[in-house]
Amino acid sequence: MNRLLCGLAANPALPPELVDRLIALAATPPEPSDLPDPAGLPAGYLADLLVRNLSERADLGPAQVAALAALDEDTPARLARDGHLGAADVDPAVWPLAALALLDEGRGLPEWARRFAVDPDPSVRWQLASCPGLPADVEDALAADPDPEVAAELAWWTTSSAVAARLARHPHAEVRQSVAGNEAVPPAALAALLTGDGLPPARSCLVCDGREIPFTHDPHCPDADCVLPAGAACDGTHGSTVHGTWQRALANPAAPPEAVAAFADHPSVLLRWAVAEHPGLPAEVYACLAADPAPGVRASVARNPGSGPEVSRVLAADPEVEVRRAVAHHPRVPFDVLERLTPTTRLGPEPLPRICAATPEELAQGAASANARVRMLVAHRNDLPPELRDRLAADPDASVAKAVAPHAGLSPERLRAMVALHGQQVLARVAANPDAPGDLLAEVARHDPPARRALREIASHPHATAEALLPCLADGKARVRAAAHPALPAAVVVGLLDDPDPEVVEAAAGNSSLPPAVMAQRMP
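Quick look at the structure, then. Note that the structure is a prediction, hence the values are computed from the model and not measured.

A count of helical and extended segments in the chain gives 36 helices and two strands. Each of the three principal axes of the chain carries a C-alpha extent, and together these read 75 × 65 × 45 Å. Across the 524 residues that make up the chain, the buried fraction comes to 47%. Pairs at least 24 residues apart make up 50% of the contacts formed inside the chain by residues separated by at least 6 positions. Carbon and sulfur atoms make up 57% of the accessible area of the chain, which amounts to about 24,100 Å² in all. Side-chain charges in the chain split into 43 positive and 67 negative, and the spacing between the mean points of these groups amounts to 7 Å.

This next bit is on the environment of R453. By the element assignment, R453 lies in helix 31 (residues 452–458). Residue classification places R453 among the exposed residues on the basis of a relative accessible area of 66%. Once the C-alpha coordinates of R453 and R389 are considered, the two residues, 64 residues apart in sequence, prove to be 23 Å apart.

Together, R325, R346, R373, K402 and R453 make up a region of like positive charge exposed at the surface. Tracing the chain through its elements places K402 in helix 27 (residues 398–404). Taking relative accessible area as the criterion, K402 reaches 37% and is therefore assigned partly exposed.

What the rule picks out here adds up to 25 salt bridges. Put simply, E506 and R3 hold a salt bridge, and the shortest N to O gap is 2.6 Å. Of this pair, E506 sits in helix 35 (residues 502–509) while R3 sits in helix 1 (residues 3–10), placing them 503 residues apart in sequence. The exposure classification of E506 matches that of R3, with both residues buried. Here E105 ties to R81 by a salt bridge, and the two come within 3.7 Å at their closest N and O atoms. With E105 in the loop between helix 6 (96–104) and helix 7 (110–117) and R81 in helix 5 (residues 75–81), this residue pair connects regions lying 24 residues apart in the sequence. When its relative accessible area of 40% is taken as the criterion, R81 is described as partly exposed. Overlapping salt bridges bring together R81, D104, E105 and R107 as one network.

Moving on: the side chain of D292. Considering the arrangement of structural elements, one finds D292 in the loop between helix 18 (283–289) and helix 19 (295–303). Classification of D292 by relative accessible area gives buried; the value is 7%. The residues touching D292, leaving out its near neighbours within four places in the chain, are R272, V297 and R298.

What follows is about the side chain of R354. Tracing the backbone shows R354 in helix 23 (residues 353–356). With a relative accessible area of 11%, R354 lands in the buried category. Within the local environment of R354, its side chain forms a polar contact with the side chain of E362, the two groups lying 2.7 Å apart. Each residue touching R354, except ones within four places of it in the same chain, is listed here: H330, P331, R332, V333, F335, L338 and E362.

Attention shifts here to helix 10 (residues 148–157). Among the 10 residues that make up helix 10, seven are buried, leaving the element largely enclosed by the rest of the structure. Buried residues of helix 10: P148, V150, A151, A152, E153, L154 and A155, and no others. Those residues of helix 10 that are buried lie in contact with helix 8 (122–129), helix 9 (136–143), helix 11 (161–167), helix 12 (173–179) and helix 14 (206–210). Measuring from the backbone nitrogen of E149 back to the side-chain oxygen at the start of helix 10 gives 2.8 Å, which picks out D147 as the cap.

What counts, and where the lines are drawn
Residues numbered from 1 in each chain as written. Predicted model: local features only at pLDDT ≥ 70, side-chain atom pairs only at ≥ 80, totals over all residues. Heavy atoms only, no water. Helix = DSSP H or I, 4+ residues; strand = E, 2+ residues; numbered from the N terminus. Buried < 20%, exposed > 50% of the residue type's maximum accessible area, 1.4 Å probe, protein only. Contact = heavy atoms within 4.5 Å. Areas by Shrake-Rupley, 256 points an atom, 1.4 Å probe, with all protein chains shown as cover. Lys, Arg positive; Asp, Glu negative; His and termini not counted. Charge placed at Lys NZ, Arg CZ, Asp CG, Glu CD. Patch = residues over 30% accessible without salt bridge, like charges linked within 9 Å, V, L, I, M, F, W, Y side chains within 5 Å. Salt bridge = Lys/Arg side-chain N within 4 Å of Asp/Glu carboxyl O. Polar contact = N/O pair within 3.5 Å; in protein donor to acceptor, adjacent residues only side chain to side chain.

Right, dumping it as structure tokens:
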């Protein structure tokens, strides 16, 4: 088994008869003595990759699907998820994992769910519990499952408020912790999880299920099979699990604000952090949390959609950069606050929520700002009006032009003008533009000195020509991408099958321009 075969298995131009040969090879298990490939991947991993690539092919015929499904118990599930097997093709007694995969995608049969709900294997019931659209009687059975991990999985995924409310009263604390993060839980049940009012105490947790209490888990536990998290503890009150329940409930948007606000001055920073993430609290609670000694709490308040401009203005002057950056990601941060942040805070290349929500008038105002960093923030938005986009593309500041360069709709003339004005500073972003023509990409690829980031963009650009791709082979990362590009000359692709880099070999083997005769020659 090798990377070349794995690449061929993913090649969309692989002839059907060669697909059959690869399936036959996949049926032969790797020898224990097989050496790993040069990248250190063991033969067993490569065998699995081969089967995965074959299963994901869109051109499989019924006989090929049947042959792949017969390889092992996992492959039918892959074939089901990839659309090669439907409910009519699957017998849950023969291919249970495939049936569970179809249930998970909403394409299974209700009778399968009822069958798996009483399966003696708890791992099967656990997988079923996360499937959407389960019949009500199946959810009832899973909610009453004797294995708390099964009920906890259902608690996390159910969309039934009645089931969620019932699980909030479950006698096992682990189930309550899972359901606390589920937005389907009624507010009254979430309030009870936070206050304890009207809620019977939990009788057990994962800690006291398997340990003599009182017990505190060693964060450096030497037991490799131990599944308890660091800091897990129980003295009979299931302390760490209750704390986790509070943490999830406090951050749950469905939790009543008055119950959440009561934890705003809790000694636990993790609980205050969770409170700071809740979007429906009174303004005075957010103001209090904005003065919290923990930067993570202040950052959560700063980006919380429920906090107002007053909090943004206060935290825009915070000494911690993570807090100031969080202010910039508030969806309603005032434009003047954003402008104050730009000299001191790197805000990243992604469009900010406030910029994405800006009106055309606000965008025009920002694009006309004397502050180039504000113009750059506007330029990151990829659905700008054409006239605004073109104006920013001609901006004399390279950071602004660089931000707008990848946006669709820019003409080749504008892209060339950007390169002429700003040179090396914008090459990679121009190369990432989906409308960049092949001749411009070739010019960028030949730039001296080489722009390595631009080469990596060119190597996977759909408009790249052979002339543009050949220089990409000189860069290690771009070489892998270029090896898979269908515009690379076939003779070059064939030569890359013997490249010392196994990733390049796999990419070249998956290239649709590889001649079928060569594919056949390279197969065992």
